[in-house]
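Per-entry structural report
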Amino acid sequence: MFLNIAILMLGAAIITTAAFSKYSIIYVGLSLITFGAYFGLPADNWLIYLLFVLGIVLIVVEFYVPDFGITGIAGFVVIVTSLYLIHIDFISVLIATIALLASIFIVGALNLALGRELQLSPQFVLNTSMNTESGYTSSKTLDYLVNQNGVTVTSLRPVGRANFNDEFFEVISNEDMIPANTPIYVERVQGSKIYVRKEG
């Protein structure tokens, strides 16, 4: 039991690290192998394993498609269901779920403490800073937003939309998830990226 929990926590730690790494595909591959070991592959548990992976995919999708947490909650339920199907024991599922969340929280907090940022898809936020030093020009820079107060329109997970004096922008939370309708301020602007924090 303890060995299985250790394997589950290792897989969670690796996939959390993937969210902060430029080489995320490597970490994702390693985590899938580790989770496969947890589910006893190669064996007859392929469907349960795929259900678990589906849950992870749904949670990742939640970061990019703010929908009031529906996709994330569905992903969590799918993961817990897969854990129940593999254990068929409530206490074991509870222990596995707590271990999974603890591993994600610890590794995520450690990466944030080291100053690492979530690696977001270029679809939503440009990874390359568009500045004049890089050869880009713009008729309107966003530097004027620094220190301006606003309010979130959608939840920031960590990306979402915010309103600053009736101007709407896509912004990035510099801390944990920020709910909709929360007062925020712009901490810094980097090219097209607008980093915000809660007021107070």
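Here's what I pulled together on the structure shown here. As the structure is a prediction and not an experimental result, all values here were calculated from the model.

The next thing to look at is the overall build of the chain. Secondary structure summary: the chain contains 5 helices and 5 strands in total. Going from N to C terminus, the chain has its helices and strands arranged as α-α-α-α-α-β-β-β-β-β. For the chain, contacts bridging at least 24 residues in sequence account for 51% of all contacts bridging at least 6. A total accessible area of about 11600 Å² is found for the chain, and carbon and sulfur atoms account for 66% of it.

Taken as a whole, this structure holds 1 salt bridge when the rule is applied. Residue glutamate 187 is joined to arginine 197 by a salt bridge in which the shortest nitrogen-to-oxygen separation is 2.9 Å. In this pair, glutamate 187 is assigned in strand β4 (residues 183-190) and arginine 197 in strand β5 (residues 193-198), connecting sequence segments 10 residues apart.

What follows concerns the side chain of serine 103. The residue serine 103 is located in helix α5 (residues 90-113) in this model. Note on serine 103: relative accessible area 5%, which makes it buried. In contact with serine 103, not counting residues within four places along its chain, are Met9, Ala12 and Ala13.

Another aspect to go through is the pairing of strand β1 (residues 149-152). One ladder, built from 3 bridges, connects β1 with β4; its direction is antiparallel. Bridge assignment links valine 151 to a residue of β4, and that residue is proline 183. Pairing geometry for β1 and strand β2 (residues 159-164), over 2 bridges, is antiparallel. Note on β2: the bridge partner recorded for threonine 152 is alanine 162.

Let us now look at helix α1 (residues 2-18). Over its 17 residues, α1 runs 24 Å from end to end, which matches the ideal 24 Å to within 8%, given 1.5 Å per residue. Turning to α1, its buried residues number three or more, namely Ile5, Leu8, Gly11, Ala12, Ala13, Ile14, Ile15, Thr16, Thr17 and Ala18. If you follow the buried residues of α1, they end up packed against α2 (24-38), α3 (46-64) and α5.

A word on the sheet that holds β4. Read around the closed barrel, the 5 strands follow the order β1-β2-β3-β5-β4; overall the barrel is mixed. Sheet twist, expressed as the average angle between the axes of neighbouring strands with direction ignored, equals 55°.

Turning to the environment of isoleucine 86, a few remarks are in order. Its location among the elements puts isoleucine 86 in helix α4 (residues 70-87). Its relative accessible area of 24% is what places isoleucine 86 among the partly exposed residues. A sequence separation of 47 residues divides isoleucine 86 from phenylalanine 39, and the C-alpha atoms of the two residues are 7.2 Å apart. Among all residues touching isoleucine 86, those that are not within four sequence positions of it are Phe39, Asn45 and Ile48.

Let us look at the packing of aromatic side chains. Throughout the structure, instances matching the rule amount to 6 aromatic pairs. An angle of 85° between the planes, with centres 5.2 Å apart, marks the rings of tyrosine 38 and phenylalanine 39 as edge-to-face. Neither tyrosine 38 nor phenylalanine 39 differs from the other in exposure class; each is buried. Members of the aromatic cluster, each reached through a chain of ring pairs, are Phe35, Tyr38, Phe39, Trp46, Tyr49 and Phe52.

About the criteria used
Residues numbered from 1 in each chain as written. Predicted model: local features only at pLDDT ≥ 70, side-chain atom pairs only at ≥ 80, totals over all residues. Heavy atoms only, no water. Helix = DSSP H or I, 4+ residues; strand = E, 2+ residues; numbered from the N terminus. Contact = heavy atoms within 4.5 Å. Areas by Shrake-Rupley, 256 points an atom, 1.4 Å probe, with all protein chains shown as cover. Salt bridge = Lys/Arg side-chain N within 4 Å of Asp/Glu carboxyl O. Buried < 20%, exposed > 50% of the residue type's maximum accessible area, 1.4 Å probe, protein only. Pairing = 2+ DSSP bridges. Expected span 1.5 Å × (residues − 1). Axes fitted to C-alpha atoms, helices over the stretch in contact; angles between N-to-C directions. Phe/Tyr/Trp six-rings, centres within 6.5 Å; stacked < 30°, edge-to-face > 60°.

Any functional reading would require information beyond the geometric quantities listed.
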